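# Examination of the molecular architecture
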Amino acid sequence: PEGHFCPICTLPISLPMEDHSLFNTCCMKLICNGCAMAAHKRGMFDCSFCRSPCPDNDADVLAMTQARVLKKDPKAINHLGEKYCHGLLGLQKDMRRAVELWTEAAE
């Protein structure tokens, strides 16, 4: 789909994207596995794009996501909706909340 390019190398991310990329919750960017691997080989274990420390657990991931949601980031709002839809990151599965978040992200 349009817009699914690695922001570092600018190459398209192959489908299925979840197998060929890494999603960083700090900056809400999809990074291709090649760029992530290159960063790790150079000893960079922080986010390859924004250089923020990567969260270690679900609570930290949720806190980072919610901080971006408070700043009205549509990607973060959509991401949080997905987590509510599937009951991930320690959240209880809540389809009503997921649809509310997706609606907010679309606006």
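Residues numbered from 1 in each chain as written. Predicted model: local features only at pLDDT ≥ 70, side-chain atom pairs only at ≥ 80, totals over all residues. Heavy atoms only, no water.

Structurally, the position occupied by isoleucine 77 is in helix 4 (residues 74-86). Overall, the relative accessible area of 2% leaves isoleucine 77 in the buried class. Separated by 16 residues in sequence, isoleucine 77 and lysine 93 have C-alpha atoms that sit 16 Å apart. Beyond its immediate stretch of four places on either side in the chain, isoleucine 77 contacts Val69, Lys72, Leu101, Glu104 and Ala105. (Helix = DSSP H or I, 4+ residues; strand = E, 2+ residues; numbered from the N terminus. Buried < 20%, exposed > 50% of the residue type's maximum accessible area, 1.4 Å probe, protein only. Contact = heavy atoms within 4.5 Å.)

This paragraph deals with the pairing of strand 2 (residues 29-32). Note: strand 1 (residues 21-24) against strand 2, 4 bridges, orientation antiparallel. Residue pairing for strand 2: asparagine 24 is matched across the bridge by lysine 29. The loop that links strand 1 with its antiparallel partner strand 2 comprises 4 residues; one of these, methionine 28, has a positive phi angle of about 60 degrees. (Pairing = 2+ DSSP bridges.)

Where helix 4 meets helix 5 (residues 95-106), the axes come as close as 8 Å, and the angle between the chain directions of the two elements is 165 degrees. Between helix 4 and helix 5, the angle is such that the two are roughly antiparallel. For the element pair helix 4 and helix 5, the recorded crossing hand is left-handed. Counting all contacts with helix 4, which are made through Pro74, Ile77, Asn78, Leu80, Gly81, Glu82, Tyr84 and Cys85, the residues of helix 5 involved are Met95, Arg97, Ala98, Leu101, Trp102, Glu104 and Ala105. (Axes fitted to C-alpha atoms, helices over the stretch in contact; angles between N-to-C directions. Parallel < 35°, antiparallel > 145°, perpendicular 65-115°, else oblique. Left-handed = near helix turned anticlockwise from the far one by under 90°.)

With respect to the helices and strands, threonine 65 occurs in helix 3 (residues 58-70). Setting aside residues no more than four positions away along its own chain, threonine 65 makes contact with Thr25, Met28, Ala76, His79 and Leu80.

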